[in-house]
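As a plain string of letters, each chain reads:
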Amino acid sequence: AQSVTQLDSQVPVFEEAPVELRCNYSSSVSVYLFWYVQYPNQGLQLLLKYLSGSTLVKGINGFEAEFNKSQTSFHLRKPSVHISDTAEYFCAVSEISTGGFKTIFGAGTRLFVKA
Amino acid sequence: DAGVTQSPTHLIKTRGQQVTLRCSPKSGHDTVSWYQQALGQGPQFIFQYYEEEERQRGNFPDRFSGHQFPNYSSELNVNALLLGDSALYLCASSSLRRTGRDGYTFGSGTRLTVV
């Protein structure tokens, strides 16, 4: 069965500093990996995805993530954060199964960017 | 191009009552997935509908049921409401043909409060 673990529930960081949000997953089959962002009182918005190929993927708003198959990790990074990046970030794993696909989300990491 | 539309945005119900939440998927999408997001937690998968049938289901009791219509819109029904059902209910649309490769498009959610 799939599972997703986000290792940090909260990450405070100063503006213009780099940040890394950690995600580990487990699955018995090949998966697709995603990061979503959620602003207050809104739904989730797709930041980036890994399907196959290059292990470093780039997304919107300057975010990137690196897939590490041996460590079953998919950590999200940004070299320089802005106040507007303050939000909840969710790592997700999508596994194809009989009849369709199923996507499981981690518990989320709250990124708080301080001035 | 309209995204995912959910209604209502908020509602308050009493324990034991029944509720129906509605979702219109993004144009071109044929699959609707429903998630429950309790305060401070990640989205929990309830079920997924495609071609008017439930294709995948998470660990939710039978009190949670759904329906998909020929125009791909969907309803989530919850019977015999409990206080613990209070949460943000998110609708996510996708294309089954893409088997999850594109990720989801989420609606803004329905905030259900059970008193």
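Residues numbered from 1 in each chain as written. Chains lettered and ligands numbered in written order. Predicted model: local features only at pLDDT ≥ 70, side-chain atom pairs only at ≥ 80, totals over all residues. Heavy atoms only, no water.

J.: Where do I start with the overall build of chain A in this structure?
T.: Within chain A one finds 0 helices and 12 strands. Listed N to C, the secondary structure of chain A is β-β-β-β-β-β-β-β-β-β-β-β in terms of helices and strands. The C-alpha atoms of chain A give 14 Å as radius of gyration, which agrees with the globular expectation for 115 residues (13 Å, within 12%). Oriented by its inertia axes, the alpha-carbon framework of chain A measures out at about 50 × 30 × 20 Å. Of the contacts formed within chain A by residues at least 6 apart in sequence, a portion of 55% connects residues at least 24 apart. Split by element, the accessible area of chain A, about 5500 Å² in all, is 52% carbon and sulfur. Taking the average location of the 9 positive side-chain charges in chain A and that of its 9 negative ones, the two points are 5 Å from each other. (Helix = DSSP H or I, 4+ residues; strand = E, 2+ residues; numbered from the N terminus. Rg over C-alpha atoms; globule rule 2.2 N^0.38 Å. Contact = heavy atoms within 4.5 Å. Areas by Shrake-Rupley, 256 points an atom, 1.4 Å probe, with all protein chains shown as cover. Lys, Arg positive; Asp, Glu negative; His and termini not counted. Charge placed at Lys NZ, Arg CZ, Asp CG, Glu CD.)

J.: How should the pattern of salt bridges be read in this particular structure?
T.: Side chains bearing opposite charge may pair, as long as their charged atoms lie close to each other. All names here are of chain A. According to the stated counting rule, one finds 11 salt bridges over all chains in the structure shown. Here E20 makes a salt bridge to R77, at a shortest N to O gap of 2.8 Å. Highlighted residues: E20 in strand 3 (residues 19–21) and R77 in strand 9 (residues 73–78), separated in sequence by 57 residues. Assessed through its relative accessible area of 26%, R77 is described here as partly exposed. (Salt bridge = Lys/Arg side-chain N within 4 Å of Asp/Glu carboxyl O. Buried < 20%, exposed > 50% of the residue type's maximum accessible area, 1.4 Å probe, protein only.)

J.: I tried to follow the confidence of the model for chain A on my own but got confused; where do I start?
T.: The predicted coordinates should not be examined in detail at positions where pLDDT is low. Per-residue confidence for chain A gives a mean pLDDT of 92, with 98% of residues at or over 70. Mean pLDDT across the elements of chain A ranges from a minimum in strand 11 (residues 100–105) of chain A, with 86, to a maximum in strand 3 of chain A, with 98. (pLDDT = per-residue confidence, 0-100.)

J.: It is not clear to me how the sheet that holds strand 3 (residues 19–24) of chain B should be interpreted in this structure. Could you clarify?
T.: As a general point, the strands of a sheet are linked pairwise by backbone hydrogen bonds and lie either parallel or antiparallel. Residues and elements named next belong to chain B. Overall, antiparallel pairing links the 4 strands, which are arranged 1-3-8-7 in an open sheet. Each of the sheet's edge strands pairs with one partner strand only, and the pair in question is strand 1 (5–7) and strand 7 (64–68). Pairwise comparison of adjacent strand axes, ignoring direction, gives a mean angle of 20° for this sheet. Pairing of strand 1 with strand 3 involves 3 bridges; the strand directions are antiparallel. Looking at strand 3, one finds that Q6 is bridged to C23. (Pairing = 2+ DSSP bridges. Axes fitted to C-alpha atoms, helices over the stretch in contact; angles between N-to-C directions.)

J.: Would you mind showing me how to read the packing of aromatic side chains here?
T.: Any pair of aromatic rings gets described here by the distance separating the centres and the angle formed by the planes. Summed over all chains, the structure comprises 15 aromatic pairs over all chains. Centroid distance A:F105 to B:F106: 5.9 Å. Interplanar angle 70°. Geometry classified as edge-to-face. Of the two residues, A:F105 is situated in strand 11 and B:F106 in strand 10 (residues 105–106); the pairing between them involves two chains. The ring of A:F14 is capped by A:K114, whose NZ or CZ atom sits 4.4 Å from the centre of that ring. (Phe/Tyr/Trp six-rings, centres within 6.5 Å; stacked < 30°, edge-to-face > 60°. Lys NZ or Arg CZ within 6 Å of the ring centre and 35° of its normal.)

J.: Would you take a moment to explain the side chain of A:T103 for this structure?
T.: Among the secondary structure elements, A:T103 is positioned in strand 11. In this structure the side chain of A:T103 is engaged in a polar contact, spanning 3.2 Å, whose partner is the side chain of A:S94. (Polar contact = N/O pair within 3.5 Å; in protein donor to acceptor, adjacent residues only side chain to side chain.)

J.: Hey, could you run me through the interface of chain B and chain A in this one?
T.: In many analyses, interface size is given as the accessible surface area lost on bringing the parts together. At the junction of the two partners, chain B supplies 25 residues and chain A supplies 25 residues. Between chain B and chain A lies a buried interface of about 1900 Å² when both sides are counted; carbon and sulfur atoms form 55% of it. Linking chain B with chain A are 1 salt bridge. For the salt bridge of B:D102 with A:K49, the shortest nitrogen-to-oxygen distance reads 3.5 Å. Inspection of the region where chain B meets chain A yields 4 residue pairs in polar contact (both at pLDDT 80 or more). Elements that contribute at least two residues to the side of chain B that touches chain A include exactly strand 4 (31–37), strand 5 (44–50), strand 6 (53–57) and strand 9 (87–94) of chain B. When the residues that make up the side of chain B that touches chain A are grouped by side-chain class, the tally is 8 nonpolar, 13 polar and 4 charged. (Buried area = accessible area lost by both parts, 1.4 Å probe. Nonpolar A, V, L, I, M, F, W, Y, C, P; charged D, E, K, R; others polar.)

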